[in-house]
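One letter stands for each residue in the lines below.
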Amino acid sequence: MSVITAFTIVIIMFALGDIVSYKTKAFVPSVFVVAVLFLLGYWTFFPENIVDLPGLGMPVAQMSMFFLLVHMGALMSIRELADQWRTVVIALAGIAGIVVMMFLLGLPLFGREVVITATPPLSGGIVAALMMSEAAAEKGLTNMAVLALVMYVMQGFLGYPLTALALKKEAFRLVAKFRSGEAIGVGGSPVKTEVRPVRGRLEIFPPTPKEYQTPFVILTKMAVLAWLSVVVAGWTNDQLSPYVVCLVAGVNGAETGFMERRPLDIASSFGWLMLTLLAYVMAGLSNATPEMLTQIVVPLAGSLIIGVLGMAVLSMLVSRMVGDTKEMGFAIALTALYGFPPNYILTMEAVQAVAENEEEKQFLTDEMLPKMLVGGFTTVTIVSVVLAGIFARYL
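Predicted model, so just to flag it, every value in this text is computed and none were measured.

A.B. asks: Whenever I open this one, the overall build of the chain confuses me. Can you help?
C.D. replies: Summing up its helical and strand segments, the chain has 17 helices and zero strands in all. Here the C-alpha atoms of the chain give a radius of gyration of 21 Å, agreeing with the 21 Å that 2.2 N^0.38 yields for 395 residues. Dimensions of the chain along its principal axes, counting C-alpha atoms only, are 60 × 55 × 50 Å. If you take every contact in the chain between residues at least 6 apart in sequence, the share linking residues at least 24 apart comes to 81%. Charged side chains in the chain number 24 positive and 27 negative. The centres of these two groups are separated by 6 Å.

Laid out in structure tokens, this is it:
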């Protein structure tokens, strides 16, 4: 397959995802549509390297991750980031719900090996899945090694539609309060109807003149912040995730005036970087062959249902205790099933489907996006890796 053929096929799938999401008002999320199309493609005529052929795989995908996270940080303020302790508590409750329910129901139904292997990937991302897969392979448990990987690539099929439903319900609730004037913003302060100012309150850098706000200048500033984030994470031997540091660097960069708000939009680069990263994520579905799924379909489906049930119960309960809604709490917990960037895509699709003007879009984005981003980092980037390190010892 030629480079341009591979790229055209990939971009068509993402375009179809956007069209279906728009036509259904985000009831069917675009990432779900794209995942289904990729899976069907790999089962039929796609080469395994269809994403790598046009240069959408690693290491470009990792670079895209750095830039996108700096961009996401620039959308938030320090106050918003500091106010997310409730989100962390809810995300931890969701993970606890997975673990408890897997041991209560999964253990008698599927056995110890399945529970130990499946729980960390179910609560996080690719790192946890690889850790458990390698641990299982070392013990000669081939099916369990496969289960860990397939759990990672398949759990989005359940997480995407559930998250879309929860976020849309939350968005309708929030926008109704906004329109009636009853809404309370992040941190308990009254909502302002105007769009957030372009510059932050802690600015120490002079504004960049408009004539210098070119794509190259904007991307240079973002690259500096991403590079510094990797350096800082290296000082901790990557115990502190460079991705988390990138998010914080984006917040500080925008608050101090070093970088503009929505930098990738100004640089007209957001869509390309998001395509690169999402295509790499979808490439993981190449591992989910029909033969592989047939071998482990029962423990895979059972673990997903049991884990999500436990996540739902505990996250909804705890979210009400800390003053959030059960819908938002469930959506935050569900970020464990996919992480970034799907959590961003799903949130913005819900915002676009519900908001009728820029003020409503800004309000809904401010209220929901920080929670979804922080929730994803809590579950996927931090907790799941810790959980995998513990569980791998007992396999």
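A.B. asks: Just to check I follow, could you spell out the packing of aromatic side chains for this structure?
C.D. replies: A ring pair, where both rings are aromatic, is described by two values, the distance of the centres and the angle of the planes. For the structure on display, the rule yields eight aromatic pairs. With a centroid separation of 6.2 Å and an interplanar angle of 70 degrees, the aromatic rings of Phe-14 and Phe-38 are classed as edge-to-face. Highlighted residues: Phe-14 in helix α1 (residues 3–23) and Phe-38 in helix α2 (residues 30–43), separated in sequence by 24 residues. According to the relative accessible area criterion, Phe-14 is buried, its value standing at 12%. Take Phe-38: its relative accessible area is 0%, and that puts it in the buried class. With 5.0 Å between their ring centres and 85 degrees between their planes, Phe-45 and Phe-46 make a pair best called edge-to-face.

A.B. asks: What's the story with the nonpolar core in this structure? I'm lost.
C.D. replies: The tendency in soluble globular proteins is for nonpolar side chains to be buried as a group. If you look at the biggest cluster of nonpolar residues, it comprises 125 residues, and the most contacted ones within it are Phe-38 and Tyr-344. Take this core: its biggest share by element is 11 residues, from helix α17 (residues 358–391). Look past the residues within four positions of Phe-38 in its chain and what remains in contact with it is Val-10, Met-13, Phe-14, Phe-46, Val-51, Met-282 and Leu-285.

A.B. asks: What should I look at first to understand the environment of Gly-57 in this one?
C.D. replies: Structurally, the position occupied by Gly-57 is in the loop between α2 and α3 (60–74). The buried category is assigned to Gly-57, whose relative accessible area is 2%. Separated by 223 residues in the primary sequence, Gly-57 and Tyr-280 have C-alpha atoms spaced 5.2 Å apart. Apart from residues no more than four positions distant in its own chain, Gly-57 is found in contact with Val-51, Asp-52 and Tyr-280.

A.B. asks: Teacher, can you tell me more about a nonpolar patch on the surface here?
C.D. replies: A contiguous nonpolar surface patch, about 560 Å² in accessible area, is contributed by Val-100, Leu-104, Leu-105, Leu-109, Leu-309 and Val-313. Listing elements by their share of the nonpolar patch, those giving two or more residues are α5 (85–110) and α14 (290–321). The biggest single contributor to the nonpolar patch is α5, with four residues. The residue Leu-309 is located in helix α14 in this model.

A.B. asks: Hey, could you run me through the side chain of Asn-343 in this one?
C.D. replies: Checked against the element boundaries, Asn-343 lands in helix α16 (residues 342–354). A polar side-chain atom of Asn-343 sits 3.1 Å from the main-chain carbonyl oxygen of Met-372. In this structure, Asn-343 is in contact with Thr-335, Tyr-338, Met-372, Leu-373 and Gly-376, ignoring residues within four places of it in sequence.

Scoring rules and cut-offs
Residues numbered from 1 in each chain as written. Predicted model: local features only at pLDDT ≥ 70, side-chain atom pairs only at ≥ 80, totals over all residues. Heavy atoms only, no water. Helix = DSSP H or I, 4+ residues; strand = E, 2+ residues; numbered from the N terminus. Rg over C-alpha atoms; globule rule 2.2 N^0.38 Å. Contact = heavy atoms within 4.5 Å. Lys, Arg positive; Asp, Glu negative; His and termini not counted. Charge placed at Lys NZ, Arg CZ, Asp CG, Glu CD. Phe/Tyr/Trp six-rings, centres within 6.5 Å; stacked < 30°, edge-to-face > 60°. Buried < 20%, exposed > 50% of the residue type's maximum accessible area, 1.4 Å probe, protein only. Core = buried A, V, L, I, M, F, W, Y, C linked by side-chain atoms within 4.5 Å. Patch = residues over 30% accessible without salt bridge, like charges linked within 9 Å, V, L, I, M, F, W, Y side chains within 5 Å. Areas by Shrake-Rupley, 256 points an atom, 1.4 Å probe, with all protein chains shown as cover. Salt bridge = Lys/Arg side-chain N within 4 Å of Asp/Glu carboxyl O. Polar contact = N/O pair within 3.5 Å; in protein donor to acceptor, adjacent residues only side chain to side chain.

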